[in-house]
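# Descriptive structure summary
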Amino acid sequence: MKLSDASLGASVPALEYHYNLGNDFYALWLDKSLSYTSALYRSPADTLEEAQTHKVDYHFDETHLRGAECLLDVGCGWGGQLQRATEHYDVKRAVGLTLNQPHIDWINTFNNPRIEVRLQNWRDHKAVARYDRIYAWGVLEHAARPGISDAEKRGVYRHFFELCHGWLKPGGWLSVQTITYENAQRSDLNTFIEQEIFPESDLPTQADIVCGRERLFEITRFRNDRDHYERTLRDWRRRLRANKDAATEMVGSDVVARYEKYLSLFMIGFHTGTMNLSRFAFRRIDRASN
Amino acid sequence: MSNVRLGSTGPRRRDQSQRLTDDRPVSEQTRGRQEIHWWLSNYLAALLGAPSETVDTRLSFESHGLDSAAAVSLVADLEDWTGLELDPTIVYDYPTVAELTDFLVAQLQGGAA
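Quick look at the structure, then. For every chain, the first residue of its written sequence is number 1, and the numbers climb from 1 along that sequence. Whichever chain is written first is A, and whichever ligand is written first is 1; the rest continue in order. Restriction of local features to residues with pLDDT of at least 70 applies here, the model being predicted, together with a cutoff of 80 or more for giving and counting side-chain atom pairs; totals for whole chains, interfaces and linings are based on all residues. Computation of side-chain values covers all heavy atoms of the structure but excludes hydrogens and water.

### Some words on the interface of chain B and chain A
Any two residues having at least one pair of non-hydrogen atoms within 4.5 Å are treated as being in contact. Taken together, the contacts link 17 residues of chain B with 22 residues of chain A. Of the roughly 1600 Å² buried between chain B and chain A, counting both surfaces, carbon and sulfur atoms make up 57%. Salt bridge criterion: a side-chain nitrogen from Lys or Arg within 4 Å of a carboxyl oxygen from Asp or Glu. Between the two partners, chain B and chain A, sit three salt bridges. Where E85 of chain B meets R238 of chain A, a salt bridge forms, and the shortest distance between an N and an O atom there is 3.8 Å. Here a polar contact is taken to be a pair of N or O atoms separated by no more than 3.5 Å, where protein atoms must pair a possible hydrogen donor with a possible acceptor and residues adjacent in sequence count only if both atoms sit in side chains. Counting the contacts that link chain B with chain A gives four residue pairs in polar contact (both at pLDDT 80 or more). Only DSSP runs of H or I reaching four residues or more are called helices, and only runs of E reaching two or more are called strands; each is numbered from the N terminus. When residues of the side of chain B that touches chain A are traced back to their parent elements, those giving at least two are α3 (68-82) and α4 (90-93) of chain B. Counting residues per element, the side of chain B that touches chain A draws most heavily on α3 of chain B, which supplies five residues. Counted by class, the side of chain B that touches chain A contains eight nonpolar, four polar and five charged residues. What counts as buried area is the accessible surface, traced by a 1.4 Å probe, that two parts surrender upon association, with contributions from both included. Each residue receives one of three labels: charged for Asp, Glu, Lys and Arg, nonpolar for Ala, Val, Leu, Ile, Met, Phe, Trp, Tyr, Cys and Pro, and polar for the others, Gly being one of them.

Here is the structure:
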């Protein structure tokens, strides 16, 4: 299927609108690794830092990362998982893709020769050599724009899985974590989210994901964790409130109020099941030649 | 996160002089059951644009048209008024005036939320 411009997902300006408020602002309320996707809590006593590490370790373990030669992290953010893969999982080469220059500036401060980060849309990525593992957390939320047909939207996710299949070695593993629609659809969502928080972005359903990987990947693990995202948001909201004066000085009171409202709305969304947090592990599967 | 049905922000937030009838710090005040019930009923009435005595407090906030954005505003106003730190989700866990009143009374009697 040929994809139209509207199928290209959120534009760079749209993503910058949300993600480019300065590394210092996000450092005020995210964990130390600046992980900006749902954590995974193992116990009621877990701190946000511990739960974010659990999330990374969960995905790495589900995809048998230890000792793998080379990984690709699509939408690598501030690169915490690239650092953990190379330092704790003996990965020799970790390539990250992001659309935000501040992410790259941050990752470059690691001075980690095993990490390579590129300012590149995943649609434009060309693998120099095939990867052993691919990670895409918090990416498919921005892959499709609102207003396209269901068929075109399915085509977007299909394209993503086709590219991942081509980038991976046979038998390689892929991990996806994404927010999905659960008991609602786009028209049920509060317009504040689209207009003020995540412009040009529409969510997939779990069925979109499952259909998109047909004949390319087998699903080896799947779990829904909306309660974990609600708790993550609670931790973020609490930290933002605790650092409100510093945040206001950095980005202004209107932006702080906008973020506080968005974190609250998302807490309600996950609490009531409007949205879910879906974590998948896949393994590339190939047809035997006839 | 349903769409706005009765306005996206709920009733206008009161300023400090209207919010408190007691000059003591919030932490030293005791918000009684009756006062909390009255506050919530009036909040809903303002949201509906109707006299408070016509509001059926046995019905859920959602059935009164309180969408997620209005719920966030309600909880923020409740935090200002009570001095408690509250989750925005309490409106869904305690979905009527009576249930939310019971919850808030317990929180105020038991200390910080």
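### Topic: the pattern of salt bridges
Within this structure, the stated rule accounts for 24 salt bridges over all chains. For R118 of chain A, the salt bridge identified is with E116 of chain A, shortest N-O distance 2.9 Å. Each residue is placed in one exposure class: buried if its accessible area under a 1.4 Å probe, protein chains only, is under 20% of its type's maximum, exposed if it is over 50%, and partly exposed if it falls in between. Judged by relative accessible area, which is 30%, E116 of chain A ranks as partly exposed. With its nearest N and O atoms 2.9 Å apart, the salt bridge here joins R241 of chain A to E260 of chain A. Linking R241 of chain A in helix α9 (residues 226-242) with E260 of chain A in helix α11 (residues 253-271), this pair joins segments that are 19 residues apart in sequence. Residue E260 of chain A is classed as buried on the basis of its relative accessible area, which comes to 13%. A single salt-bridge network, built from bridges that share partners, covers R241, K244 and E260 of chain A together with E79 of chain B.

### Focus on the side chain of D46 of chain A
All names here are of chain A. With respect to the helices and strands, D46 occurs in the loop between α2 (23-27) and α3 (48-62). For the purpose of counting charges, residues Lys and Arg are taken to be positive, whereas Asp and Glu are taken to be negative. His and the chain ends are not included. Of the side chains with opposite charge, R231 lies nearest to the buried D46, which makes no salt bridge, at 5.7 Å. A distance of 2.6 Å separates the side chain of D46 from the backbone nitrogen of R42, its partner in a polar contact. Residues contacting D46, with those up to four places away along its chain left out, are L40, Y41, H54 and R231.

### Looking at the state of the cysteines
Residues and elements named next belong to chain A. Here, a disulfide means two cysteine sulfur atoms that sit within 2.5 Å of each other. Tallied over the entire structure, the rule returns zero disulfides over all chains. As a non-bridged cysteine, C70 has C76 as the owner of its nearest cysteine sulfur, 14 Å distant. For the unlinked cysteine C164, the closest cysteine sulfur is that of C70, found at 14 Å.

### Some thoughts on the packing of α3 of chain A against helix α4 (residues 80-88) of chain A
All names here are of chain A. Their axes nearest at 11 Å, the elements α3 and α4 cross at an angle of 60°. Relative to α4, the element α3 lies oblique. When the axes of α3 and α4 are compared, the crossing they make is right-handed. Counting all contacts with α3, which are made through T53, V56, D57 and F60, the residues of α4 involved are Q81, R84 and A85. For the contact of α3 with α4, the class distribution of residues is three nonpolar, two polar and two charged. Structural elements are reduced to axes, namely lines fitted to C-alpha atoms, with helices fitted over the stretch in contact, and the angle between N-to-C directions of any two is expressed from 0 to 180 degrees. Angle categories: roughly parallel below 35 degrees, roughly antiparallel above 145, roughly perpendicular from 65 to 115, and oblique for all the rest. Take the far helix as the reference: if the near one is turned anticlockwise from it by less than a right angle, the crossing is left-handed, and if turned clockwise, right-handed.

### As for the sheet that holds strand β5 (residues 168-181) of chain A
All names here are of chain A. Any two strands with at least two DSSP-identified bridges between them are counted as paired. Here we have seven strands laid out as an open sheet, ordered β3-β2-β1-β4-β5-β7-β6, and mixed in their pairing. At either end of the open sheet lies a strand with only one pairing partner, and these are β3 (115-119) and β6 (217-224). When strand polarity is set aside, the average angle formed by the axes of neighbouring strands in this sheet is 15°. Of the pairings in the sheet, the one linking strand β4 (residues 131-137) to β5 comprises six bridges and is parallel in character. Considered in β5, the bridge of W137 is made with Q177. Against the sheet, helix α5 (residues 101-108) touches β2 (93-98) and β3, its axis set at about 165° to β3.

### Structural notes on α3 of chain B
Under the convention used throughout, the expected extent of a helix is 1.5 Å for every residue step, that is, one less than its residue count. Here α3 of chain B spans 21 Å end to end across 15 residues, near enough to the 21 Å set by a 1.5 Å rise per residue. Once α3 of chain B finishes, G83 of chain B follows within two positions and takes phi at roughly 80°, a positive value.

### Remarks on the side chain of Q81 of chain A
All names here are of chain A. Within the element layout of this structure, Q81 appears in helix α4. At 2.9 Å, the side chain of Q81 forms a polar contact with the side chain of D73. Once residues lying within four places of it in the same chain are set aside, the contact partners of Q81 are V56, F60, D73, C76 and W137.

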